[in-house]
Amino acid sequence: MSDNYEPNIVAFLCNWCSYAGADLAGTSRMQYPANIQIIRVMCSGRVNPLFVMNALQQGADGVLISGCHIGDCHYMEGNFYARRRLGMLKELMEFIGVDSRRFHMSWVSASEGHKWKEVVEKTVEDAREAGPYEGFRRRRIDW
Amino acid sequence: MTEKPKVGVYVCHCGINISATVDVDAVAEFAKKLPNVNVARTYSYMCSDPGQSLIKNDIKELGLNRVVVASCSPRMHEPTFRKAIKEAGINPYFLEMANVREQCSWVHEEKEEATAKAKKLVAASVAKVRVLEPLEAKEVDAEPAALVIGAGIAGIQAALDIADAGFKVYLVEKTPSVGGRMAQLDKTFPTLDCSACILTPKMVDSANHPNIELLSYAEVEEIGGFIGNFDVKVRKKARYVDFEKCTGCGDCASACRVANRFPSEFDQGMGKRSAIYLPFPQAVPAKYTIDPDSCLFLTRGKCGKSPKCEEVCLANAINFEQEDEIVEFRVGAVIVATGFDAFDASRKPEFGYVDYPNVITGMEMERLVSSSGPTGGKVTINNGEEEIIPKEIAFIKCVGSRDKSIGNEYCSRVCCMYTAKQAHLLRDKIPDANIRVYYIDVRAFGKGFEEFYDRVRRENIRYIRGNPSEIFKRGNKLVVKVEDTLTSTPLEDEVDMVVLAVGLEPRADMRKMMDLLRLSQSPDRFFLEAHPKLRPVDTATDGVFLAGCCQGPKDIPDTVAQAKGAASSAMIPLARGKVIIGAQVANVDESTCRGCGFCVSICPYTAIELVAVNRMGHQVEVARVNEALCKGCGSCSPACLSDSIQPKSFRDRQILPQIAALGVMR
């Protein structure tokens, strides 16, 4: 691993809490690493576990999924599904030998800009420690 | 299939908000090389009229059919650009926004890094916009009625405005009477209008208005549905008094076997009430209520030979058999006006609120100076030994506000002024009293506030800058220990009475409202508005609005203004009679659906059902989405074994290209 290695993180954020929290971190001008790119989904329950595997295949070194706090889901139950599906995925990833530091789940509300910053810093730091992901890479597909 | 995508990419400078950290020209140059991109431009303010015209002209002249705007958060301007491209003749859902401001230029400092990230975000947006589908928003009928929760001044005002406009309003109040906190106040700053005089006419109107159905002593149990069509279930608690028969004469309260034994909630526990009571003489509706926790008959099943209230009531209104009643109705919009809790002064034990009877809160002071209060407006206080007229009086400000140690960092906005008002009222009632106010800062920001503060200071009321550390007893006096921070002098100030200017806190029971309406909290724990500046009465839930102190501390003029704002916003769907429901709903590919029903069991809105269809000569069951119920969360999709159910605009085949575009860094 070279010293200037920068991990590439793909994050899936729910529209109502975490995406708004990330926006708030912006309006509050909090600074965090640029390694993270956000894909907006309406609910963390939308995140298919396959998206996580797909991101790792496509060139991500780490994946973050963030939703509303448990019990606060805008769609009532979506983050429960996310928690269960992705919890299961995490176990599967460990089983097949993917470093679990590449995968994070968090619950960030629309008012928690500071928490979003902390989550990003932790995710990037963990992925940096885990090093470049060389597992199931896919060759570039032109969509 | 559809025509070949021709994408235009528009990168916004946002003044220098974006361009200071992101090389917008480099991003545009990069975008030009992305597949299907016909044109990429930058402009200083893309959301402005010339910026939008730029996009519209390109659509018309270059025949673009897809647009990517790289600017602020889609939560900010997605509706703006959807509208713009629709005006230029393309489907409004052929838009994708790359958030290069809130999530890029504002959170990164390194220009090189930020530019590289912006390029990737644009690439991801282009990848998605190419495979988006045209959608049509649908309109459904909106019920021309509103629900207002809480009948303090905010709720009353909102209800009256909506009712005056000709719509039906259900006004639900938890306590037996409308009026809320404002009814407890004596005079109102800075004009010293009598609170009751300006409030009671509105209270009466709220009960008598032909368009308002007042549900007092009632709580909202359930709210289902969505904007335009909320299905509401309200529990009207049993009063044990026949609402129609009760004349409000009050004979029952005087006759009650436990008359005047229980602390009156309205008088902040300083006065007493009976088990059957009217919260205060001007209560609306003027109907008595039996408190099930203090009534002998209801708690022990026995009240002498027979309950006294029953004996004396000439109208035969007492009914111990009465049960809670459930009322159900449908409304198009909801206004939450649930108010606040006054800070519990016992959480600052150093001020001795629990230990000394002559340490009182600002709310208690309101009742004490009020002519309708427990002492009839005569200010006397028990100093632990005897009832005296206090001559040495200290006010302490910011109790429970601007105090990180108890978790309330915010300013409660009303305490400076109500303290000034109470000091003024005490000066009137006890002309020879020595009155001082201990403060951190004086915030007299509103209309007429500074003038009033100045007037109060001229009435020989001393303002001493310092935050007291302790209050203790010495003889029959209280000692306020404090440092005068302007002269750096430690003081031990002996007084007869201390008034704690307690701040405003979010209601302890706000959780229930959050669960009912999917509301969020701000960092200060009050309800979160949709946008702090531009959507101050809206919430993240369409059709639900906020009014008054449930959204944050406010004085009466601000509360009334916000209530009127909430009322006018709530009336938009009611007046239109139609609401647009999201086009981004789930969609089933019936040719691949195997009818397992997993999605049916997952959907939180019961929007999916299995229906029988004929597929190539076979009778099979497939899932079908009720688009009026579906909210487009997409939770169903990952559960689908055949990837048949997909939320529109967030389909697998629309998200996967985004992932691919973001993954190409290394």
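It should be emphasised that the depicted structure is a prediction, and the values quoted were computed from it without experimental measurement.

Q: Just checking my understanding: could you explain the overall build of chain B for this structure?
A: The secondary structure content of chain B amounts to 18 helices and 36 strands. The principal-axis extent of the C-alpha atoms belonging to chain B is close to 90 × 70 × 40 Å. Looking at chain B as a whole, 57% of its 666 residues are labelled buried. Here the analysis covers contacts within chain B between residues at least 6 apart in sequence; of these, 69% occur between residues at least 24 apart. When the accessible surface of chain B is summed, it comes to about 27900 Å², and 50% of that surface belongs to carbon and sulfur atoms. The centroid of the 84 positive side-chain charges in chain B is displaced by 3 Å from the centroid of its 87 negative side-chain charges.

Q: Even after reading the chapter, I still don't get helix α3 (residues 78-95) of chain A, so can you show me in this structure?
A: Residues spaced three or four apart along an α-helix point in a common direction, a consequence of the helix completing one turn every 3.6 residues. With 18 residues, α3 of chain A extends 26 Å between its outermost C-alpha atoms, agreeing within 8% with the 26 Å of an ideal straight helix rising 1.5 Å per residue. Gly78, Asn79, Tyr81, Ala82, Arg85, Leu86, Leu89 and Met93 of chain A are the residues of α3 of chain A that are buried. Axial view of α3 of chain A: buried residues confined to an arc of 140°, hence all on one face. Summarising the geometry of α3 of chain A, the exposed residues directed more than 90 degrees from the buried face are Arg84, Met88, Glu91 and Phe95 of chain A. Packed against the buried residues of α3 of chain A are α2 (49-58), β3 (62-67) and β4 (103-107) of chain A together with α16 (598-602) and α17 (636-639) of chain B. Immediately beyond the C-terminal end of α3 of chain A, within one or two residues, lies Gly97 of chain A, with a positive phi of roughly 90°.

Q: Can you walk me through unusual backbone geometry in this structure?
A: When glycine is set aside, most residues are seen to have a negative phi, and most peptide bonds are trans. Residues and elements named next belong to chain B. Going from Phe189 to Pro190, the amide bond is cis rather than trans, its omega being -10°. Of note, Pro190 is situated in the loop between β8 (187-188) and β9 (193-194). Look at the link from Val284 to Pro285: it is a cis peptide, with omega at 0°. Take Pro285: it is sitting in the loop between β15 (276-277) and β16 (289-290). At Cys398, a residue that is not glycine, the phi angle is positive and equals roughly 55°. On the basis of relative accessible area, Cys398 is assigned to the buried category, the value being 13%. Positioned with a positive phi, Ser649 is a non-glycine residue whose angle comes to about 75°.

Q: Hey, could you run me through the environment of Ser412 of chain B in this one?
A: Residues and elements named next belong to chain B. When you line up the elements, Ser412 lands in the loop between β23 (392-399) and α12 (415-429). In this structure Ser412 comes out as buried when scored by relative accessible area, which is 1%. In this structure the C-alpha to C-alpha distance between Ser412 and Cys549, which are 137 residues apart in sequence, comes to 9.9 Å. Side chain to side chain, Ser412 and Ser401 meet in a polar contact 2.8 Å long. In terms of polar contacts, Ser412 uses its side chain to reach the backbone amide nitrogen of Leu504, at 2.9 Å.

Q: Looking at this structure, how should I read the side chain of Asn79 of chain A?
A: Residue and element names in this part refer to chain A. Tracing the chain through its elements places Asn79 in helix α3. A distance of 2.8 Å separates a polar side-chain atom of Asn79 from the backbone oxygen of Cys68. In this structure the side chain of Asn79 is engaged in a polar contact, spanning 2.9 Å, whose partner is the backbone oxygen of His69. Ignoring anything within four residues of it in the chain, the contact list for Asn79 reads Cys43, Ser44, Cys68, His69, Ile70, Gly71, Cys73 and Trp107.

Q: Can you walk me through the state of the cysteines in this structure?
A: Cysteine pairs can be linked by a disulfide, which is a covalent bond between their two sulfur atoms. Residues and elements named next belong to chain A. Inspection of the entire model under this criterion finds two disulfides over all chains. A sulfur-sulfur separation of 2.3 Å characterises the disulfide bridge that pairs Cys17 with Cys68. The sign of the S-S torsion, about 95°, decides the handedness of the disulfide formed by Cys17 and Cys68: right-handed. With Cys17 in the loop between β1 (9-14) and α1 (18-27) and Cys68 in the loop between β3 and α3, this residue pair connects regions lying 51 residues apart in the sequence. You can call Cys68 buried: its relative accessible area is 3%.

Definitions and cut-offs
Residues numbered from 1 in each chain as written. Chains lettered and ligands numbered in written order. Predicted model: local features only at pLDDT ≥ 70, side-chain atom pairs only at ≥ 80, totals over all residues. Heavy atoms only, no water. Helix = DSSP H or I, 4+ residues; strand = E, 2+ residues; numbered from the N terminus. Buried < 20%, exposed > 50% of the residue type's maximum accessible area, 1.4 Å probe, protein only. Contact = heavy atoms within 4.5 Å. Areas by Shrake-Rupley, 256 points an atom, 1.4 Å probe, with all protein chains shown as cover. Lys, Arg positive; Asp, Glu negative; His and termini not counted. Charge placed at Lys NZ, Arg CZ, Asp CG, Glu CD. Expected span 1.5 Å × (residues − 1). Arc of directions from axis to C-beta. Polar contact = N/O pair within 3.5 Å; in protein donor to acceptor, adjacent residues only side chain to side chain. Disulfide = S-S within 2.5 Å.

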